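Residues per chain, in single letters:
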Amino acid sequence: MEKECAKSSQPCPRKVSENITSKFQEAVKDLKLGELLHDDLFGLFEAMSAIEMMDPKMDAGMLCNRGSRKIISFDQAVQDKMLKLDEFSNAELIGIIDSTLACLVSWLEGHSLAQTLFINLYLHKPYMIEDRPLRVFCLAIYKLLEEIKDLVHNGMVYEEEDFQPMQYGYHLNPDISQQRMIGMLREVEEDLYRKNRSNPEPETHALFARIKFLRLFLQVLMSMFKKDEQPVISECNRLLANCLDMLHIMQKTMHMGIISKDSDSEYILGFEPSINQRLLPPTFPRYTKIKSRYGAIGYFIDVAERFKIVTKITTITSLHHAMDFFIDFSKTSPCILSRSALQMMYPGSTGNLKDILKESVKSFISPPALISKTLLNNSQAKHYVDTFLSHCTRPFTLFLQLCGHNRARQRDKLAHILEDFASLQDEALMGFRLEGKLTIPNPRFDSEQVRYEHRFAPFQNLLTPPPVVYSEFREMTSFERFQQQPVDSVFLYIAGCKHFHQARQLLESIVPDSELTDLLTICKTNFIVLKLLAGGHKKDSTKPPEFDFSKNKYFATMKIV
């Protein structure tokens, strides 16, 4: 259209918007509650990805871009004297700290750094802050981000809905060592402690509790997840107990922090929710609801309590007990931090799962290859055992990781893990069969009658419907009954046609998808084949029909050879 307009001298027609509300309502009036419209170009994925315009929950522009308020950067806010860098009151510091911790929790719940922590302008240039407690707090937040990212990344149990590691170009200040950061926080603590002793004030004590909590929480992460070192559990539990004490003080003093003066905004001065909107990818902006301050403290309390539970995994030596621990812990729907912590705390995660598997096998079945001195000294037998245990390490590691993922993702990953376990089973079976230690079942005990009776044994106690004994089942399904009472094969072909026709009608009443389309094709093809056979087509042929399972692995397409 544009090319044609360019060639002609006449102006291109102007596009006119049209209100389609009435047309849309007319089109969907036949849909019942819960039904979705399906089309080749619009399926469930497109429906879930669609943006509902003018809905504050779905359309971020309704909130992020509303109003004419100017978005200012850190430098501009300082230049306009809207953002001070020194002479903060304790109430202001408490409010900034509590709001920052709420943003941190929002990040840990799956939102982006650009829309959570880095809406705090003080975190953009922490070295320019003249107030020492706030400057050290902001630097410590950067260090905390670094520790959390390492923990979650090494735990490898997060999905895109759990955690977003992207930094959006912000530098996380790795130039400050762990010990130096702890020392800086401890110095601020001591200053606040001395100030509170000389002039006791509730706000000073509340600020002291927040700085001490951040220092303790950093020490917890550093001590629990030291590289190439096992954590000292008693030290971890002591730090966690002190963390909980500080958190309870923070809970009681939450009201001391300043809040927004604007009734329409939940952000205090220094927090700009749209400052990083230009850094977001070129998609529909996602509106981020920052967690409340009380909710954030509750989140950290839950984390500390779960960390105390996680430390118990270090005392478990049996693989079976460890697997039960992972499964039970997963049932509580823990957060990404505690799930990652469990993966890192388990001794098997550091690379010695093979030894744990060997000890578990020895205690469970006591195999000669791991017990007998003769076999232990046999290099060939030792090689076979080590190779098998090495193959076992991957599926068991994946299973423990599976328990660390969120509950919604576990079902999808379980199918792949079962394939790995099936491969192991085909190998712990072929070896036994080659050595003659596992024989194929005797046909006498592998007959159809035995399988039938075993399969339906649990239903023998039911009165309704009455159980069918095997002899009656044979009479109803065996081919011999047609030999005793001759039946024209044409009658059977016609009955088959009828059944496939009924199946086709039922399937066509369902909204089609790829699998239903294949089933419809099978029904149509088999209907035609049976109709031809009923008419005597190739009646004298001695070749059996072919059954093609390429369309569906359960239902075959019949072909006349």
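Scoring rules and cut-offs
Residues numbered from 1 in each chain as written. Predicted model: local features only at pLDDT ≥ 70, side-chain atom pairs only at ≥ 80, totals over all residues. Heavy atoms only, no water. Salt bridge = Lys/Arg side-chain N within 4 Å of Asp/Glu carboxyl O. Helix = DSSP H or I, 4+ residues; strand = E, 2+ residues; numbered from the N terminus. Phe/Tyr/Trp six-rings, centres within 6.5 Å; stacked < 30°, edge-to-face > 60°. Buried < 20%, exposed > 50% of the residue type's maximum accessible area, 1.4 Å probe, protein only. Core = buried A, V, L, I, M, F, W, Y, C linked by side-chain atoms within 4.5 Å. Contact = heavy atoms within 4.5 Å. pLDDT = per-residue confidence, 0-100. Polar contact = N/O pair within 3.5 Å; in protein donor to acceptor, adjacent residues only side chain to side chain.

A short note on the pattern of salt bridges
Enumeration over the complete set of coordinates arrives at 24 salt bridges. The partner of glutamate 146 in a salt bridge is lysine 143, with the nearest N and O atoms 3.2 Å apart. Of this pair, glutamate 146 and lysine 143 both sit in helix α7 (residues 132–155), separated by three residues, roughly a single helical turn.

Some words on the packing of aromatic side chains
The way to describe two aromatic rings as a pair is by their centre distance and the angle between their planes. Counting across every chain of the model gives 18 aromatic pairs. Look at phenylalanine 213 and phenylalanine 217: their rings are 5.7 Å apart centre to centre, the planes differ by 25 degrees, and that puts the pair in the stacked class. Taken together, the positions of phenylalanine 213 and phenylalanine 217, both in helix α9 (residues 202–224) and four residues apart, correspond to about one turn of that helix. Each of the two residues, phenylalanine 213 as well as phenylalanine 217, counts as buried. Seen in terms of ring centroids, tyrosine 452 and tyrosine 470 are 5.6 Å apart; in terms of plane orientation they differ by 55 degrees. Their pairing is tilted. Residue tyrosine 452 is located in helix α20 (residues 448–456), and its partner tyrosine 470 is located in helix α21 (residues 470–477); the two are separated by 18 residues in the primary sequence. Among the aromatic residues, those joined into a cluster by ring pairs are Phe213, Phe217, Tyr299, Phe300 and Phe307.

A few points about the nonpolar core
The biggest cluster of nonpolar side chains holds 117 residues, and the ones touching the most others in it are Tyr122, Ile148 and Phe217. Per-element accounting of this core gives the leading share, 14 residues, to α9. If sequence neighbours within four positions are ignored, isoleucine 148 has contacts with Leu104, Trp107, Leu108, Phe163, Leu221 and Leu337. Judged by nonpolar contacts, the second largest core, of six residues, contains Leu516, Leu519, Leu520 and Ile522.

Here we look at the confidence of the model for the protein chain
Counting all residues, the mean pLDDT for the protein chain is 83, and 84% of those residues have values of 70 or more. Predicted confidence is poor over residues 1–8, with pLDDT under 50, and the contacts of this stretch with residues over four places away or in other chains come to three contacts.

A few points about the side chain of asparagine 552
By the secondary structure assignment, asparagine 552 is in the loop between β1 (546–548) and β2 (557–559). Classification of asparagine 552 as buried rests on a relative accessible area of 8%. For asparagine 552, the side chain forms a polar contact with the main-chain nitrogen of tyrosine 554, separated by 2.8 Å. For asparagine 552, the side chain forms a polar contact with the main-chain nitrogen of phenylalanine 555, separated by 3.3 Å. Leaving out residues up to four positions away in the same chain, asparagine 552 has contacts with Glu515, Leu519 and Ile522.

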